[in-house]
Amino acid sequence: MSVQVFVAANAREGLARVRRELGDDAVVLSTRPHPQGVELVASAYGDLTVAAAGEVADSASGSRILHELSRLRGMLQNQLAGFAWGAGRRRDPVRVALLQTLFAAGFGSALARTLAARLPRGLDTDAAQRWLRQVLIRNLPLLGRDADLLARGGRYALVGPTGSGKTTTLAKLAARAVDVHGAGAVALVGADTYRIGAAAQLGVYADLLDVSLHVADDPARLAQLLPELAAKKLVLIDTAGFAPNDPRTRDVHALDALGVRRIVVMSAAQQGAAIEQAMAHFGQGAAACILTKLDETPQPGAALDSLIRHRLPLAYLSSGQRVPEDLHAPNAAYLIDRALKGGQLATPYALDAEDWPLFAGVEAERTERRAG
Ligand SMILES: Nc1nc2c(ncn2[C@@H]2O[C@H](COP(=O)(O)OP(=O)(O)OP(=O)(O)O)[C@@H](O)[C@H]2O)c(=O)[nH]1
Ligand SMILES: [Mg+2]
């Protein structure tokens, strides 16, 4: 086993040298203060394995030693990551505060890192937070007034995960369209023939609004139906909700071939990973997104993050169950302010001061490794 001693100005630099010379899997056996900074005793991981196999007759105790070493290695790496975080915070406190703001508000690390890397130099903390707010507002894609789907009309299918609010949102859109174009210009099509009660739910709205209602069990029937509805200014198609990885999501993409534009209906109350998965399945090639359940969402950061990264324009917001009242045109400043404010909520999921060094220290280590 070749054990080497490294002396460096600080722990982060020492760890970087250990990795450079002994590889990413190197095990740091001990650290202690040194007049020139810090002394690290380290060994390449492979050497350890060989030594353990050759020197330790009892394989059970050998594996215990390896296990113990690996535990120590984890502890030390966490500590070093903490040092790295401390150093990073001292060196660039404004950038670190910006990352903290984004993570706390539920934005993902990909967007947070991209924004932190573009933060102009020389800003103080307040100016950086103002810059962040402006950048987020500017980058949140909204459907422009000229592209308003109700004013322009067309054929739209509302797609998205189960229970995201597709049918309720469709009713809200239909009610508004009736106000603008009259009941005779609007048609509803039920393509949800999977869920019991789906057709009845749509039928209630069609009766209330006095608009025509049609049923299309499959894409072939929809292809026949659409020419019959050519005179309608707006045709709204209610689709069945699927889990994003359900093979039936193929039906959603069959709509494109019929010239039907997709509107993704997404609950902002879902966790980021679920939003991302749904966006990957329903969002590609979609015309717009409608975010629902804003009223049930203390932290809409993850949903906004997804729209920003996928460049999918937001057409409307839904913030309640009432038809048609709870549908609103989106306002980027309002949404971003809500998201940033959501980051200040004290929830059991918020990282507290002691968690940050570990979390962000690992981030700093990773960034440094990539840069090196
Ligand atoms: N709080 C709140 N509830 C909403 C909102 N939009 C819809 N809902 C409720 O969410 C539930 C599901 O709404 P639906 O419109 O049936 O959802 P869906 O996407 O059509 O559901 P499936 O067809 O089963 O996939 C209903 O109880 C709605 O009233 C909203 O913005 N806020
Ligand atoms: Mg539905």
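To be clear, the structure that these remarks concern was listed above.
J.: Got a sec to walk through the overall build of the protein chain? Specific residues and values, please.
T.: When its secondary structure is counted, the protein chain shows 15 helices and 11 strands. Counting across all 372 residues of the protein chain, residues that qualify as buried make up 37%. Long-range pairs, those at least 24 residues apart, make up 75% of the contacts in the protein chain between residues at least 6 apart in sequence.

J.: Any details on the nonpolar core? Residues and values, ideally.
T.: General note: in soluble globular proteins, nonpolar side chains tend to be found buried as a group. Within the largest apolar cluster, 78 residues are counted, with the highest numbers of intra-cluster contacts made by Ala-174, Leu-236 and Cys-289. Top element by residues in this core is helix α4 (residues 93–104). It accounts for six residues. Looking at which domains feed residues into this core, each of domain 2 (93–134 + 346–358) and domain 3 (145–329) gives three or more. If sequence neighbours within four positions are ignored, Cys-289 has contacts with Val-264, Met-266, Gly-283, Leu-307, Leu-312, Leu-314 and Ala-315.

J.: Kindly report on the site of ligand 1, identifying the contributing residues and their values.
T.: Neighbouring ligand 1 are 20 residues; Gly-165, Lys-166, Thr-167, Thr-168 and Gly-241 lie closest to it. Partitioning the shell around ligand 1 into residue classes produces one nonpolar, 12 polar and seven charged.

J.: Describe the pairing of strand β8 (residues 261–267), naming the residues involved and giving the relevant values.
T.: Across the seven residues that make up β8, a large majority, six, are buried. Of the strand pairs in this sheet, strand β4 (residues 154–159) and β8 are connected by four bridges, and their pairing is parallel. Each residue of the ladder has a partner; that of Tyr-156, found in β8, is Arg-261. Sheet topology note: the β8/strand β9 (residues 288–292) ladder contains five bridges and is parallel. The residue bridging Ile-263 from the neighbouring strand is Ala-288, located in β9. Between the parallel pair β8 and β9, the chain is carried across by helix α12 (residues 272–283), and the sense of this crossover is right-handed.

J.: Just give me the short version of the environment of Arg-195, but keep the residues and values in it.
T.: Mapping Arg-195 onto the fold places it in the loop between β5 (186–190) and α9 (198–209). A count of 13 C-beta atoms within 10 Å places Arg-195 in the partly exposed class. Measuring from C-alpha to C-alpha, the distance between Arg-195 and Gly-241 comes to 8.7 Å, with 46 residues separating the pair along the chain.

J.: Explain the sheet that holds β8 to me, and be specific about the residues and the numbers.
T.: Spatially, eight strands are ordered β6-β5-β7-β4-β8-β9-β10-β11 in an open sheet, and the strand pairing comes out mixed. Whereas interior strands pair on both sides, the edge strands pair on one side only; in this sheet they are β6 (212–215) and β11 (327–328). Along the sheet face, helix α8 (residues 166–181) touches β4, β5, β7 (234–238), β8, β9, β10 (314–318) and β11 and points at about 170° away from the line of β7. Set on the sheet, α12 makes contact with β4, β8 and β9; between it and β8 the angle comes to about 170°.

J.: Can you explain unusual backbone geometry? Please cite residues and give values.
T.: Cis geometry is found at the peptide bond from Val-323 to Pro-324, where omega equals 0°. Along the chain, the position of Pro-324 falls in the loop between β10 and β11. The phi angle at Lys-293 is positive, at roughly 60°, despite the residue not being glycine. Relative to the helices and strands, Lys-293 is located in the loop between β9 and α13 (301–310). We note that Arg-311 has phi near 55°; this positive angle belongs to a residue other than glycine. With respect to the secondary-structure elements, Arg-311 resides in the loop between α13 and β10. The exposed category is assigned to Arg-311, around which 9 C-beta atoms lie within 10 Å.

J.: Any details on helix α14 (residues 332–342)? Residues and values, ideally.
T.: Among the residues of α14, Leu-335, Ile-336, Ala-339 and Leu-340 are the ones counted as buried. Down the axis, α14 shows its buried residues gathered within 130° of arc, on one side only. Turned more than 90 degrees from where α14 packs its buried face, Ala-333 and Lys-341 sit exposed.

What counts as what
- Residues numbered from 1 in each chain as written.
- Chains lettered and ligands numbered in written order.
- Predicted model: local features only at pLDDT ≥ 70, side-chain atom pairs only at ≥ 80, totals over all residues.
- Helix = DSSP H or I, 4+ residues; strand = E, 2+ residues; numbered from the N terminus.
- Buried ≥ 20, exposed ≤ 12 C-beta atoms within 10 Å, placed from the backbone.
- Contact = placed C-beta atoms within 7 Å.
- Core = buried A, V, L, I, M, F, W, Y, C linked by C-beta atoms within 7 Å.
- Domains from an automatic or database assignment.
- Near = placed C-beta within 6 Å.
- Nonpolar A, V, L, I, M, F, W, Y, C, P; charged D, E, K, R; others polar.
- Pairing = 2+ DSSP bridges.
- Right-handed = clockwise from strand over helix to strand, strands pointing away.
- Axes fitted to C-alpha atoms, helices over the stretch in contact; angles between N-to-C directions.
- Arc of directions from axis to C-beta.

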